[in-house]
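Structure at a glance
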Amino acid sequence: MNKRYTGLIEHYRDRMPVTDGTRVISLGEGNTPLVKLENIPGETGKSVDLYVKYEGLNPTGSFKDRGMTMAVTRAVAEGSRAIICASTGNTSAAAAAYAARAGITAFVLIPEGKIALGKLAQAMIHGAVVIQIRGNFDAGMALVKEVADHAPVTIVNSINPYRLQGQKTAAFEIVDELGAAPDFHCLPVGNAGNITAHWIGYSEYAGQGTQACAFCEGSCKFGGKAVNGKRPTMVGYQASGSAPFMRGGMVDHPETVATAIRIGHPQSWDRAWTVQKESGGWFDECSDEEILAAQKLLTSREGIFCEPASATSVAGALRDIRAGRIPEGSSVVCTLTGHGLKDPDTAIRQCGDDMLTVDAELSAVKDAILNNMA
Ligand code: AN7
C-alpha cells in the first residue's frame, strides 16, 4: 500500500508520548539518508564500514527538527501559546519553523554575532522574536530557565524531555535500515542532548532501560517490543576550545569555529556520562583545523556538505579508526547533525580565493578548462 510519509511521530507513533487525539505538529521530519562513504574510508588504510546519517536533510536543515516536532506537539497539547529557547542557531531555526506551523509565538535567545548566517535568516523569516544577547549560549540558557518562571512560555531546549523522545527516532531509523545497531555511533557533542537521545533510542529498540532517560524506570514507558538486542558503543567528540567533557568540568569561555557547539555548560552533563558508562564509550576532542579538514573531505571526496560542527563526528572517527581505537572490521555511523548551507561564510572562507574570473569570451573559458583538468 502506498502511504505518504508524514513525519516521525506518525511513523513511530506507538513509541512516542502522544495519544489518539493529539494534534501532531510536523513538517515531515526524519527519514533521513544513511549514506555509506565510498572514498574516505580507503584513506585510513583500515577496513571499516563507515556511514553518515545526513540529518542536514531535515526540513529546517538539522536534527533539531526531530526534537522540535515532539516538543511543540506537546506544548500545543498542553495549551501553550509561546515557546522559548536559547540557541547557537539550529534550535532557534527549528523552534521558529514549528511555532509558525502551530500558530504560536517563538522567542529565541541567540549569542550576538556568533550564529551562522543561514540560521539567523531562518529564525527571522519564520517570524520568531529574535533576542540577541551580549553573551554566549550558556548565558542565554541560564536566562531562559529563569524567565520561564516569570512568563507563560514553554522551554523547548533539550532540557524539555520531549525533545529527546523525538530525537531518539534517529537511532530507530538506523536499526530499521541496517537490521541491527552499528558497532560504534559517533556524534558531535554540545549540550549532549543528542548523544543521550540516541542511546535512549538504541536502548528502547534493544528492549533495555537506561538511566539516561527521564521517563525510563528500568524499561521504556512508551516502548513497544524489542527489535534487536544490540546496542552500539557511543562516542562523543567536542571542539577543543569547547570541551567540558574532556576538561572534567564546565568551560566558561568556550570558543570554536564550529559555532553550533560553542557550549561550555552542557545541559545533559550527567546523562551523557551515564551514556558513556552504560555503552562503554568515550569522549574526545578535535581541533578547529581537524574539524574544517573533515568538512572539506566530506564535500570534496563524497559530495556531502555538512556544517562544521557536524564534521566533528567524522574528524574524530577517522582519527580513532586510524589509531585502532575503533577496530578494523567495525561498522560505524557518524551523525552529520546540520546542513553545510547553514554556514556559507565559513565554507567560502575555507576555500580562500579558489575561483577563476575570466573575460566572457570562448577562448578565456576554454583556457580555464584546459588548464584545470584533473
Ligand atoms: C549542528 O542549536 O545547541 O550535543 O542551540 O546545532 O545535542 O547539543 C545546537 C547543537 C551538534 C550539538 N551539531 O548537539 C542549538 C544547539 C549541530 C548543532 C550540536 C548542535 P547537542
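In what follows, the structure referred to is the one given above.
First, a word on what this report is: a plain description of the structure on this page. For clarity, every value in this text was computed on a predicted model and none was experimentally measured.

Below, the discussion takes up the sheet that holds strand β4 (residues 105–111). Pairing in this open sheet of four strands is parallel, and the strands run β5-β4-β3-β6 from one edge to the other. The sheet is open, and its two borders are formed by β5 (129–133) and β6 (154–155), each paired with just one other strand. Each of β3 (82–86), β4, β5 and β6 is contacted by helix α5 (residues 137–147), which is oriented at about 150° to β3, the strand it contacts most.

Core analysis: the largest hydrophobic core is formed by 37 residues, its most contacted members being Met 16, Ile 195, Tyr 202, Met 234 and Phe 245. For this core, the elements supplying multiple residues, two or more each, are α1 (8–11), α6 (161–167), α7 (169–178), α8 (193–205) and α10 (269–279). Broken down by element, this core gets its largest block of residues, six residues, from α8. Once residues lying within four places of it in the same chain are set aside, the contact partners of Met 234 are His 185, Leu 187, Ile 195, His 198, Trp 199, Tyr 202, Val 275, Ser 279, Gly 281 and Trp 282. Listed in part, the 33 residues of the second largest apolar core include Ile 40, Val 48, Val 235 and Leu 297.

Near the ligand lie 24 residues; those nearest to it are Asn 90, Thr 91, Asn 191, Ala 192 and Thr 337. Note that an oxygen atom of the ligand is positioned 2.7 Å from one of the side-chain N or O atoms of Asn 90. Protein contacts shield 99% of the accessible area of the ligand, which totals 470 Å² for the unbound molecule. Of all the elements in the fold, those that place two or more residues in the shell around the ligand are α3 (90–102), α8 and α12 (308–323). Within the shell around the ligand, the residues separate by chemical class into 10 nonpolar, 12 polar and two charged.

Conventions and cut-offs
Residues numbered from 1 in each chain as written. Predicted model: local features only at pLDDT ≥ 70, side-chain atom pairs only at ≥ 80, totals over all residues. Heavy atoms only, no water. Pairing = 2+ DSSP bridges. Helix = DSSP H or I, 4+ residues; strand = E, 2+ residues; numbered from the N terminus. Contact = heavy atoms within 4.5 Å. Axes fitted to C-alpha atoms, helices over the stretch in contact; angles between N-to-C directions. Core = buried A, V, L, I, M, F, W, Y, C linked by side-chain atoms within 4.5 Å. Buried < 20%, exposed > 50% of the residue type's maximum accessible area, 1.4 Å probe, protein only. Near = heavy atom within 4 Å. Polar contact = N/O pair within 3.5 Å; in protein donor to acceptor, adjacent residues only side chain to side chain. Areas by Shrake-Rupley, 256 points an atom, 1.4 Å probe, with all protein chains shown as cover. Nonpolar A, V, L, I, M, F, W, Y, C, P; charged D, E, K, R; others polar.

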